[in-house]
Amino acid sequence: MLKKLTICLALLAGAGACTNDFEEINVNPNAPNTVPVDYLLGQSQLLLTGSASGPASKAWRANFGYAACLIQQMSSIDATFYKGSFYTFLGEINSAFFDNSYTYAVKSMVNLIDVAQKDPKNVNVLSMARIIKVMEFSRTTDLYGDIPYFEAGKGFIDANFSPKYDAQQAIYMDMLKELEEARNAFDAAQYIPKAADYIYGGDLDKWKRAANSLMLRLAMRMQKADAANAQLWARKAIDGGLITGNAETIAVKFSNTGAEINSNPNSWILGPSGSNVTNIPNAGVQWARTLIDMMKSRQDPRLPIISMIKGGDNSVAKQRGLPNATDATGLAQLDEKNLDNYSRPATGVIGIALPWIYLTYAETQLLKAEAIERGWATGNARAAFQEGQSAALAQMSWANAAIPTADITAYATKNPYPESGTMDAKMNAIHTEVYLIAASTFNHIEGYANWRRTGYPALTPVNYLGNDTNGQIPRRLRYPLSEEGINPNFKTAIERQGPDLFMTRIWWDK
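These figures come from a predicted structure and were not determined experimentally.

(A) Examining the overall build of the protein more closely. Within the protein, the regular secondary structure consists of 22 helices and eight strands. Here the protein has a C-alpha radius of gyration of 24 Å; the compact-globule value for 510 residues is 24 Å, and the two agree. Along the three orthogonal principal directions, the C-alpha set of the protein runs to about 85 × 55 × 50 Å. By element, 53% of the accessible surface of the protein is carried by carbon and sulfur atoms, the whole surface being about 20,500 Å². Seen as two clouds, the 48 positive and the 49 negative side-chain charges of the protein have centres 3 Å apart.

(B) Geometry of the packing of aromatic side chains. Following the criterion strictly, the structure yields 21 aromatic pairs and no others. With a centroid separation of 6.2 Å and an interplanar angle of 85 degrees, the aromatic rings of F64 and F442 are classed as edge-to-face. Here F442 lies in the loop between α19 (423-440) and α20 (444-454) and F64 lies in helix α4 (residues 56-70), a separation of 378 residues in the sequence. Residue F64 is classed as buried on the basis of its relative accessible area of 0%. According to the relative accessible area criterion, F442 is buried, its value standing at 5%. Relative to Y358, the ring of W356 has its centre 6.0 Å away and its plane inclined at 40 degrees; by these criteria the two rings are tilted. When its relative accessible area of 3% is taken as the criterion, Y358 is described as buried. Following the ring pairs from residue to residue traces out a cluster consisting of F98, Y102, F137, Y144, Y149, F150, Y165, Y479 and F490.

(C) Structural view of the nonpolar core. Of all hydrophobic cores here, the largest spans 147 residues; its most connected members are F64, I131, I250, V349 and F442. The element best represented in this core is helix α7 (residues 123-144), accounting for eleven residues. Ignoring sequence-local partners within four residues, the contact set of V349 consists of S267, I305, I306, L354, M396, W398, A399 and F442. Judged by nonpolar contacts, the second largest core, of six residues, contains I77, L322, L331 and Y342.

(D) Layout of the pattern of salt bridges. Under the counting rule described, the total for this entry stands at 29 salt bridges. Residue K118 pairs with D114 through a salt bridge whose shortest N-O separation is 3.5 Å. Residue K118 is classed as exposed on the basis of its relative accessible area of 63%. For D114, a relative accessible area of 18% corresponds to the buried category. Across the pair E181 and K177 runs a salt bridge whose closest N-O atoms are separated by 3.5 Å. You can see E181 and its partner K177 sitting in helix α9 (residues 168-185), four residues apart, about one turn around the helix. Residues joined by salt bridges that share partners form a network here, namely R130, D174, K177, E178 and E181.

(E) How the structure looks around the packing of α7 against helix α10 (residues 204-221). It is the contact of α7 with α10, at a shortest axis distance of 11 Å, that shows an interaxial angle of 25 degrees. For the element pair α7 / α10, the angle class is roughly parallel. Judged by the sense of rotation from one axis to the other, the crossing of α7 with α10 is left-handed. Contacts between α7 and α10 involve N124, M128, I131, I132, V134, M135, S138 and D142 on the former and, on the latter, L204, W207, A211, L214, L218 and R221. Class assignment for the residues of the contact of α7 with α10 results in ten nonpolar, two polar and two charged.

(F) Structural detail: the environment of T378. Assignment of secondary structure puts T378 in the loop between α16 (361-373) and α17 (381-394). In this structure T378 comes out as exposed when scored by relative accessible area, which is 65%. Note: C-alpha distance between T378 and R235 (143 residues apart in sequence) is 8.9 Å.

(G) Molecular detail of unusual backbone geometry. Along the chain, Y456 connects to P457 via a cis peptide bond; the corresponding omega equals -5 degrees. With respect to the element layout, P457 can be found in the loop between α20 and α21 (483-486). Phi angles above zero are rare outside glycine, and N400 is one such case at about 60 degrees. Relative to the assigned elements, N400 resides in the loop between α17 and α18 (405-414).

(H) Highlighting the side chain of E136. Positionally, E136 belongs in helix α7. You can call E136 buried: its relative accessible area is 0%. At 2.6 Å, the side chain of E136 forms a polar contact with the side chain of S101. Beyond its immediate chain neighbours, meaning those up to four positions away, E136 contacts L48, K58, F97, S101, A105, V106 and M109.

(I) Spotlight on α7. An ideal rise of 1.5 Å per residue puts 32 Å on 22 residues; α7 measures up with 31 Å between its terminal C-alpha atoms. Taking burial as the measure, the 22 residues of α7 include 22 buried ones, the bulk of the element. Following α7 by one or two positions, G145 has its phi on the positive side, about 100 degrees.

Reading the values: rules and limits
- Residues numbered from 1 in each chain as written.
- Predicted model: local features only at pLDDT ≥ 70, side-chain atom pairs only at ≥ 80, totals over all residues.
- Heavy atoms only, no water.
- Helix = DSSP H or I, 4+ residues; strand = E, 2+ residues; numbered from the N terminus.
- Rg over C-alpha atoms; globule rule 2.2 N^0.38 Å.
- Areas by Shrake-Rupley, 256 points an atom, 1.4 Å probe, with all protein chains shown as cover.
- Lys, Arg positive; Asp, Glu negative; His and termini not counted.
- Charge placed at Lys NZ, Arg CZ, Asp CG, Glu CD.
- Phe/Tyr/Trp six-rings, centres within 6.5 Å; stacked < 30°, edge-to-face > 60°.
- Buried < 20%, exposed > 50% of the residue type's maximum accessible area, 1.4 Å probe, protein only.
- Core = buried A, V, L, I, M, F, W, Y, C linked by side-chain atoms within 4.5 Å.
- Contact = heavy atoms within 4.5 Å.
- Salt bridge = Lys/Arg side-chain N within 4 Å of Asp/Glu carboxyl O.
- Axes fitted to C-alpha atoms, helices over the stretch in contact; angles between N-to-C directions.
- Parallel < 35°, antiparallel > 145°, perpendicular 65-115°, else oblique.
- Left-handed = near helix turned anticlockwise from the far one by under 90°.
- Nonpolar A, V, L, I, M, F, W, Y, C, P; charged D, E, K, R; others polar.
- Polar contact = N/O pair within 3.5 Å; in protein donor to acceptor, adjacent residues only side chain to side chain.
- Expected span 1.5 Å × (residues − 1).

Below is the structure:
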């Protein structure tokens with residue numbers, strides 16, 4: 001022990017003797033002093049999807065484990081993990097999106113903005129970063145409600161490790177402002193990051209239209225909470241110009257390298273590389289009965305594209321959805337007891353090089369139809385609906401699938417727009433299409449948010465024994481259990497928003 005102590009003291013003495021040169025000898029001459037903005041931009045886009053930080057938190061736990069199951073697009077017999085199918089709580093699954101977002105994505109995006117704004121030539125990088133940040137925060141606040149926003153991700157900048165929780169209304173108004181300012185700041189005369197932009201490859205006009213399309217989505221989400229501002233911002237978005245076709249759908253594009261960091265995280269989880277579909281029947285997630293029955297009744301040509309039973313049979317007659325709230329015991333009581341005969345995501349829609357879709361052209365057209373029906377925009381609501389409806393089917397080219405024009409026409413004939421119907425009938429038509437878009441693109445978090453705002457399509461809740469909501473579909477996710485202990489500002493959110501429970505409604509959910 002004495003020998004070890006002597007050595008330690010000698011090392012400390014040596015360290016003290018060279019403190020004048022400490023900064024010089026601790027600088028790596030081969031490492032850059034600052035990280036290039038192109039790298040930070042690419043990293044931030046990957047972190048938006050979750051791929052660069054491991055997809056389990058966002059894709060597996062939030063998108064599939066809760067959102068997809070809550071709105072009966074997916075189901076699982078695994079009651080220990082897929083809590084959304086049973087309306088039950090597990091901290092690590094429930095809080096995964098929150099924890100992952102603030103640990104990785106938010107810090108990266110805030111850092112990118114801090115670096116980019118220091119040099120006027122990086123104005124286009126800065127605008128992209130501001131839009132990406134809105135894309136990230138809008139999902140986080142839609143899942144949880146009041147969250148850290150204005151002070152979030154700045155611990156390395158101003159040493160604030162306990163950011164305040166901001167009211168969702170204030171967050172929404174700032175996100176809309178950010179989209180407008182970012183859109184207006186794009187400058188074709190300045191540096192354009194083409195290779196590092198995995199969404200549009202540096203096409204600034206597409207980015208401007210994307211900002212407007214995101215603006216429209218956020219504006220419509222405020223419909224019940226603040227109709228005046230919803231109308232104001234919806235008109236700004238539409239007048240500014242929305243994305244113009246399926247080729248401009250907002251999506252992060254991946255390469256087929258086989259590496260998790262550069263793979264579609266939804267596909268990584270659902271496919272052979274992941275641990276969901278490949279683990280059926282022991283675990284994993286499958287298409288829910290509500291979704292499969294709906295697609296069958298509507299004669300939806302997307303069904304054989306997105307769904308198959310084990311072995312690859314995608315014939316419509318063979319597709320069977322798994323009822324939500326069915327655990328292993330419940331499965332044994334069904335007519336069909338073999339999970340191999342229940343529908344699962346088809347091979348063609350879970351390739352790891354497929355794009356990760358955030359907002360489709362089809363959805364923007366459907367939201368435009370709603371805005372027109374509400375008198376918030378001019379135009380023909382029926383035409384916008386039909387454009388969105390047909391685009392939703394045509395866009396399956398993202399999964400290398402082509403739906404014949406005749407089938408698209410037949411679907412439209414089977415599911416027409418109720419132009420002379422009630423407002424409820426029109427909203428049901430519009431948002432049933434949005435629901436199907438969310439399911440067929442694995443954008444379940446968006447589907448969950450849109451369903452809460454509109455209530456369409458009508459879903460029948462399940463009532464699993466021991467559920468946490470008295471048999472009602474949860475209205476939000478709960479905060480991480482750790483927040484109360486590590487952030488003293490946590491209590492402000494509870495006082496303002498209400499108890500930290502599944503059934504506490506967030507600001508726009510009226």
